[in-house]
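Structure at a glance
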Amino acid sequence: LCLQVPELEKATVRIRQPERVQGIIRSLREQGVAKLQVISDFDMTLSRFGCNGRRCPTSHNILDTSRVISEDGKKKLKDLLHYYYPIEIDPNRTLEEKQPLMVEWWTKAHELLVQQKIHKGDIAQIVRESEAMLRYGHRDFFDQLHKNNVPLFIFSAGVGDVLEEIIRQAKVFYSNVNVVSNYMDFNDDGVLTHFKGPLIHTYNKNNTVLQGTEYFQQLSTRTSIILLGDSMGDLTMADGVPSVKNILKIGFLNDKVEERRGKYLDSYDIVLESDETLDVVNGILRYILTE
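Residues numbered from 1 in each chain as written. Predicted model: local features only at pLDDT ≥ 70, side-chain atom pairs only at ≥ 80, totals over all residues. Heavy atoms only, no water.

Threshold: UniProt positions are given in the numbering used here, feature names are shortened, and annotations may be inferred rather than shown by experiment.
As annotated in an unreviewed UniProt entry, the protein chain carries the name 5'-nucleotidase and comes from Chaetops frenatus. The record in UniProt for the protein chain states the following under Sequence similarities (unreviewed entry): "Belongs to the pyrimidine 5'-nucleotidase family." Listed in UniProt under the heading Subunit (unreviewed entry), the comment for the protein chain reads: "Monomer."

**Details of unusual backbone geometry**
Test applied: Helical segments are the DSSP runs of H or I of at least four residues, strand segments are the runs of E of at least two, and each set is numbered from the N terminus. Throughout, exposure labels follow a simple rule: accessible area from a 1.4 Å probe, protein chains only, divided by the maximum for the residue type, with under 20% read as buried, over 50% as exposed, and the rest as partly exposed.
In this model, Gly 197 is joined to Pro 198 through a cis peptide bond whose omega is -10°. Note on placement: Pro 198 falls in the loop between β8 (192-195) and α8 (207-210). Backbone geometry at Met 44 places phi at a positive 70°, although glycine is not the residue there. Met 44 gets classed as buried once you look at its relative accessible area, which sits at 5%. Even without glycine at this site, Lys 117 takes up a positive phi of about 50°. Mapped onto the elements, Lys 117 comes out in the loop between α4 (95-115) and α5 (123-129). Here Lys 117 falls in the exposed class, since its relative accessible area comes to 56%.

**With respect to the side chain of His 60**
Heads up, the rule is: Contacts are assigned to residue pairs that have any heavy atoms within 4.5 Å of one another.
Residue placement: His 60 occurs in helix α2 (residues 59-64). Among the residues examined, His 60 registers a relative accessible area of 14% and is labelled buried. Apart from residues lying up to four places away in sequence, His 60 is in contact with Trp 106, His 110, Ala 157, Gly 158 and Val 159.

**Thoughts on the pattern of salt bridges**
Heads up, the rule is: A side-chain nitrogen of Lys or Arg and a carboxyl oxygen of Asp or Glu constitute a salt bridge if their distance falls within 4 Å.
Summed over all chains, the structure comprises 22 salt bridges. Where Arg 261 meets Glu 273, a salt bridge forms, and the shortest distance between an N and an O atom there is 2.6 Å. Taken together, the residues span a long stretch of sequence, with Arg 261 in helix α10 (residues 257-267) and Glu 273 in strand β11 (residues 270-273) at a distance of twelve residues. Of the two residues examined, Arg 261 and Glu 273, each falls in the buried class. Linked by salt bridges that have partners in common, Arg 14, Glu 258, Arg 261 and Glu 273 make up one network.

**Focus: the packing of helix α3 (residues 71-89) against α4**
The cut-off we apply is this: Orientation is described by axes fitted as lines to C-alpha atoms, over the contacting stretch for helices, and by angles from 0 to 180 degrees between their N-to-C directions. Each angle gets one of four labels, with under 35 degrees taken as roughly parallel, over 145 as roughly antiparallel, 65 to 115 as roughly perpendicular, and the rest as oblique. Working rule for handedness: look at the near helix, and if it is turned counterclockwise from the far one by less than a right angle, call the crossing left-handed; if clockwise, right-handed. When residues are grouped by polarity, Ala, Val, Leu, Ile, Met, Phe, Trp, Tyr, Cys and Pro land in nonpolar, Asp, Glu, Lys and Arg in charged, and all others, Gly among them, in polar.
Relative to each other, α3 and α4 sit at 165°, their axes nearing to 10 Å. In this view, α3 runs roughly antiparallel relative to α4, as classed from their interaxial angle. Between α3 and α4 the crossing geometry is left-handed. Of α4, the residues touching α3 (which contributes Lys 76, Leu 77, Leu 80, Leu 81, Tyr 84, Tyr 85, Ile 87, Glu 88 and Ile 89) are Lys 98, Leu 101, Met 102, Glu 104, Trp 105, Trp 106, Lys 108, Ala 109, Leu 112 and Leu 113. Here the residues of the contact of α3 with α4 sort into 14 nonpolar, no polar and five charged.

**What about the sheet that holds strand β10 (residues 246-253)?**
In plain terms, the rule: Two strands form a pair only when DSSP identifies at least two bridges running between them.
Reading across from one edge, β1-β11-β10-β9-β2-β5-β6 is the order of the seven strands in this open sheet, with mixed pairing throughout. Sheet topology places β1 (13-14) and β6 (177-182) at the edges, where each strand pairs with a single neighbour. For strand β2 (residues 36-40) and strand β5 (residues 152-159), the ladder comprises three bridges, and the chain directions are parallel. Following the sheet pairing, Ile 39 is matched in β5 by Phe 153. Sheet contacts for helix α1 (residues 18-31): β2, β9 (224-229), β10 and β11; angle to β10, the most-contacted strand, approximately 125°.

**Re the domain arrangement of the protein chain**
Definition in use: Reported domain spans reflect what an automatic or database domain assignment gives. Contacts described as polar in this section are N or O atom pairs within 3.5 Å, which, within protein, must combine one atom able to donate a hydrogen with one able to accept it, while residues neighboring in sequence count only if both atoms come from side chains.
Here the domain parsing of the protein chain yields domain 1 (6-49 + 133-289) and domain 2 (54-129). Once you take the C-alpha centre of each, domain 1 and domain 2 turn out to be 22 Å apart. Taken residue by residue, the interface counts 33 residues in domain 1 and 31 residues in domain 2. Taken together, the connections running from domain 1 to domain 2 amount to zero salt bridges. In this assembly, domain 1 and domain 2 are joined by 13 residue pairs in polar contact (both at pLDDT 80 or more). Considering only residue class, the side of domain 1 that touches domain 2 consists of 16 nonpolar, nine polar and eight charged.

Dropping the structure here:
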């Protein structure tokens, strides 16, 4: 398969069951373009984790550290992060323990943002001034999917308005892109008043949030899936799809690589370690989409 997808030879690639993965990729190609859809996380999956030794911001970070947030607001948001983030990534806590605490974190963070009276008109500028970056190869990724009419479903616990703006400014927000995320609601003066429901956090990215959405129903014939994520919570993103025949799960292991490697290799078919590109994904797509 490395002959057809040379990118799999990259030093960043780890695969626990090469034969199985080979089989899935072949099946995806045999099933053809009309059967394919891509489901992806956004922050640290389509966007970069780091650059020149510095962390890149998530869609939440972009807002939290921007000029529209007061110093007091910034401090409170940071305090929340320091309290809840260790819980989010704690390998010794169960999902059941984490769920309510994540709801608590996101709810408090959203309430703090609402208090800042953010203007809708400021978002484009905030994104422009931020250090947000999509991964290397993003243009090729979005272009290939668009050109072949392959639906791209972005499922994010971030801030929808911000991440849409990042994609828009990269000029790759095509008609085949569909986003489900936490969206802001503004009043007639364009001031943030609340966040629209349902709340999406790291550990409920599954069909509980998607119930009743027509999106996957319309795509019921698209039974081949490439799933892209960077956390354990992302593994359930395809749970809303009615009938999955083939699914290839590709995980970006951005941080604490040694510590988390085993868990990622158990859960994802292909693990990309400290890889800031979409090279491997693009190589697989090229192989699947080329007649």
